[in-house]
Amino acid sequence: MGLLQKLFGKTKETKNMANIKLAVIYYSSTGTNYQLAKWAEEGGKAAGAEVKVLKVPELAPQGAIESNPAWKAHLDETKDVPEVTLDDLEWADAIVFSVPTRFGNLPAQMKQFLDTTGGLWFNGKLANKAVSAMASANNAHGGQEATVLSLYTTMHHWGAIIASPGYTDPVQFTSGGNPYGVSVTVDQEGNMQEDVEEAAKYQAKRTVQVAEWIQKGQQ
C-alpha cells in the first residue's frame, strides 16, 4: 500500500463513542512545564477524559544536570513519571504538549521524540488527533509564542487538528496567555509570573472537546 493510499484511502470505520483519551506530553528541566502538565491533567479529567501525563526522555549530559541543583532535584522528584512512547501517541485521541522555549524553538528533548514519529505518520496513525501546546520562558517576550507555533508545524504535517484556545473563554484575558496556547514567564527562582492555572485547565478541556467533535464526526 502506497503512502497516499495509507493516508487517504482508508475506509471509514464505525466505533463506539467512549471517553476521550488525552496524553499530556511534556519536557521540563526544573518543574514549570511539569506543573503546567499537571494542571492540564486536571482539566482533562474534569472534561471526562482518560489522561496520561508523560515526559520525553532527558538528553542532557549528567554533568550539566549535576551543575544545576534545581534541575537535578526536579529529575529526582519526577523519576516515576513514565516516559512517552509511540504507543502512547497511537493510543491518544487528544494531546497537549508543554515545553520550555529554546531560542524561540522546541527543546531538543521534545524535538528528538517528535522526530521518531515518522512510522506512525506514514501509516496515517497521527491524522485527526486534537492537539494543542503550552510554553514557558524566562521573560515576557522570550519566544513562547514562536515555540508553540513551531511545534504546530509538526502537527500540520501529521494532519492533526490544532485545538488552540483562541479567545474562546474569559480566562484568556486574565491569565496573560495568548491565543495559540498558554504561555508563562518564569523568574530566576522558578516562580511563575502569571496566574495560568485555570487557563491550562481550560486549554486541556477545550482540546478534549475538539477531540470529541472529531470522534462524533467520524461516526
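Computed from a predicted model, the values in this text were never measured in an experiment. (Residues numbered from 1 in each chain as written. Predicted model: local features only at pLDDT ≥ 70, side-chain atom pairs only at ≥ 80, totals over all residues. Heavy atoms only, no water.)

### As for the pairing of strand β2 (residues 50–55)
- In this sheet, β2 lies alongside strand β1 (residues 21–26) in parallel orientation, the contact comprising six bridges. If you follow Tyr26 over to β2, its bridge partner there is Lys55.
- With respect to chirality, the unit in which β1 leads through helix α2 (residues 32–46) into the neighbouring parallel β2 is right-handed. (Pairing = 2+ DSSP bridges. Helix = DSSP H or I, 4+ residues; strand = E, 2+ residues; numbered from the N terminus. Right-handed = clockwise from strand over helix to strand, strands pointing away.)

### As for the confidence of the model for the protein
- On average, the protein scores 90 in pLDDT, and the residues at 70 or more come to 92%.
- Per-residue pLDDT stays below 50 along residues 10–17; that stretch engages in 16 contacts with residues further than four places along the chain or on separate chains. (pLDDT = per-residue confidence, 0-100. Contact = heavy atoms within 4.5 Å.)

### A short note on the packing of aromatic side chains
- For the coordinates displayed, the defined rule picks out three aromatic pairs.
- Centroid distance Tyr167 to Phe173: 5.1 Å. Interplanar angle 25°. Geometry classified as stacked.
- The class for Phe173 is exposed, based on a relative accessible area of 60%.
- Across the ring face of Trp91, the terminal group of Lys52 is positioned such that the distance to the ring centre comes to 4.2 Å. (Phe/Tyr/Trp six-rings, centres within 6.5 Å; stacked < 30°, edge-to-face > 60°. Buried < 20%, exposed > 50% of the residue type's maximum accessible area, 1.4 Å probe, protein only. Lys NZ or Arg CZ within 6 Å of the ring centre and 35° of its normal.)

### What about unusual backbone geometry?
- Phi at Phe103 takes a positive value of approximately 55°, unusual for a residue other than glycine.
- By the secondary structure assignment, Phe103 is in the loop between β3 (94–100) and α6 (108–114).
- For Phe103, a relative accessible area of 88% corresponds to the exposed category.

### With respect to helix α8 (residues 144–158)
- Here α8 spans 22 Å end to end across 15 residues, near enough to the 21 Å set by a 1.5 Å rise per residue.
- Those residues of α8 that fall on the buried side of the exposure criterion are Gln144, Thr147, Val148, Leu151, Tyr152, Thr154, Met155 and Trp158. Considered in projection along α8, the buried side chains sweep an arc of 155° and stay on one side of the axis. Turned more than 90 degrees off the buried face of α8, the exposed positions are His156 and His157.
- With its phi angle positive at about 85°, Gly159 sits one or two positions after the end of α8. (Expected span 1.5 Å × (residues − 1). Arc of directions from axis to C-beta.)

### Some words on the packing of α2 against helix α10 (residues 197–217)
- At a closest axis distance of 7 Å, the pairing of α2 and α10 adopts a crossing angle of 50°. One finds that α2 runs oblique with respect to α10. Judged by the sense of rotation from one axis to the other, the crossing of α2 with α10 is right-handed. Contacts between α2 and α10 involve Leu36, Trp39, Ala40, Glu42, Gly43, Gly44 and Ala46 from the first element and Glu197, Ala200, Lys201, Ala204, Lys205 and Val208 from the second.
- In the contact of α2 with α10, the residues fall into seven nonpolar, two polar and four charged. (Axes fitted to C-alpha atoms, helices over the stretch in contact; angles between N-to-C directions. Parallel < 35°, antiparallel > 145°, perpendicular 65-115°, else oblique. Left-handed = near helix turned anticlockwise from the far one by under 90°. Nonpolar A, V, L, I, M, F, W, Y, C, P; charged D, E, K, R; others polar.)

### Looking at the pattern of salt bridges
- Here the structure, examined in full by the defined rule, presents ten salt bridges.
- For Glu41, the salt bridge is made with Lys38, and the minimal N-O distance between the two is 2.9 Å. Separated by three residues within a single helix, Glu41 and Lys38 lie in helix α2, roughly one turn from each other.
- Judged by its relative accessible area of 28%, Lys38 falls in the partly exposed class. (Salt bridge = Lys/Arg side-chain N within 4 Å of Asp/Glu carboxyl O.)

### Observations concerning the side chain of Gln144
- Structurally, Gln144 is set in helix α8.
- One polar contact links the side chain of Gln144 to the main-chain carbonyl oxygen of Val184, over a distance of 3.3 Å.
- In contact with Gln144, not counting residues within four places along its chain, are Ala135, Ser136, Ala137, Asn139, Ser183, Val184 and Thr185. (Polar contact = N/O pair within 3.5 Å; in protein donor to acceptor, adjacent residues only side chain to side chain.)

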